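Tertiary structure, described
One letter stands for each residue in the lines below.
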Amino acid sequence: MANQVEEFNEYRAKMNKRILEDADKVTKRIFNLDTNAYMPGALDVKTKELLGLVASAVLRCDDCVRYHLETSHKEGLKKEEVFEALSIATLVGGTIVIPHLRRAYEYWDALEEQKANS
């Protein structure tokens with residue numbers, strides 16, 4: 001299951017590099033804005049990641065959910081914190097979010113497995 005994490009990160013890095021090779025000013029600025037929005041500010045990084053995670057789940061973006069799960073995991077958020085936030089996403093987004101919740105659980109397990117094997 002940890003391979004899922006590696007595959008996602010390799011694909012994401014490869015395609016981001018490819019996109020940025022041809023990117024115009026708008027695309028470059030969006031990438032930069034995204035990076036800077038999650039830096040520490042009035043809200044800490046953990047809080048911002050949970051907010052991003054909830055928004056991503058409600059918008060049903062599995063890639064975004066994976067990204068925020070991984071960053072939350074790296075930031076030391078506990079499973080209980082992450083999945084309490086995802087319960088809010090499910091409440092706000094409705095039952096259509098449940099398939100994304102399933103994949104989120106699967107990806108979190110892959111992150112935990114990767115950590116255990118490293």
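The shown structure was predicted, so the numbers you read here are calculated from the model rather than taken from an experiment. (Residues numbered from 1 in each chain as written. Predicted model: local features only at pLDDT ≥ 70, side-chain atom pairs only at ≥ 80, totals over all residues. Heavy atoms only, no water.)

1. A closer look at the side chain of S56
Here is the rule: Only runs of H or I of at least four residues qualify as helices and only runs of E of at least two qualify as strands under DSSP, and these elements are numbered from the N terminus. Polar contact is defined as a pair of N or O atoms within 3.5 Å, subject to the rule that within protein one atom must be able to donate a hydrogen and the other to accept it, and that residues adjacent in sequence are counted only when both atoms are side-chain atoms. By the convention used here, residues are in contact when the closest approach between their heavy atoms is within 4.5 Å.
Its place among the elements puts S56 in helix α3 (residues 45-58). For S56, the side chain forms a polar contact with the main-chain oxygen of G52, separated by 2.7 Å. Beyond its immediate stretch of four places on either side in the chain, S56 contacts C61, C64, V65 and H68.

2. Points about the nonpolar core
Where we set the bar: Only buried residues count toward a nonpolar core, which is a set of Ala, Val, Leu, Ile, Met, Phe, Trp, Tyr and Cys residues joined through side-chain atoms within 4.5 Å. Each residue's exposure class comes from its accessible area (1.4 Å probe, protein chains only) as a fraction of the maximum for that residue type: buried when under 20%, exposed when over 50%, partly exposed otherwise.
Residues L53, L69, V82 and L86 are the most contacted members of the largest nonpolar core, which totals 20 residues. Of all the elements in the fold, those that place two or more residues in this core are α1 (2-22), α3, α4 (62-74), α5 (79-93) and α6 (98-117). Excluding its chain neighbours within four sequence positions, the residues that come into contact with L53 are V65, H68, L69, V82 and L86.

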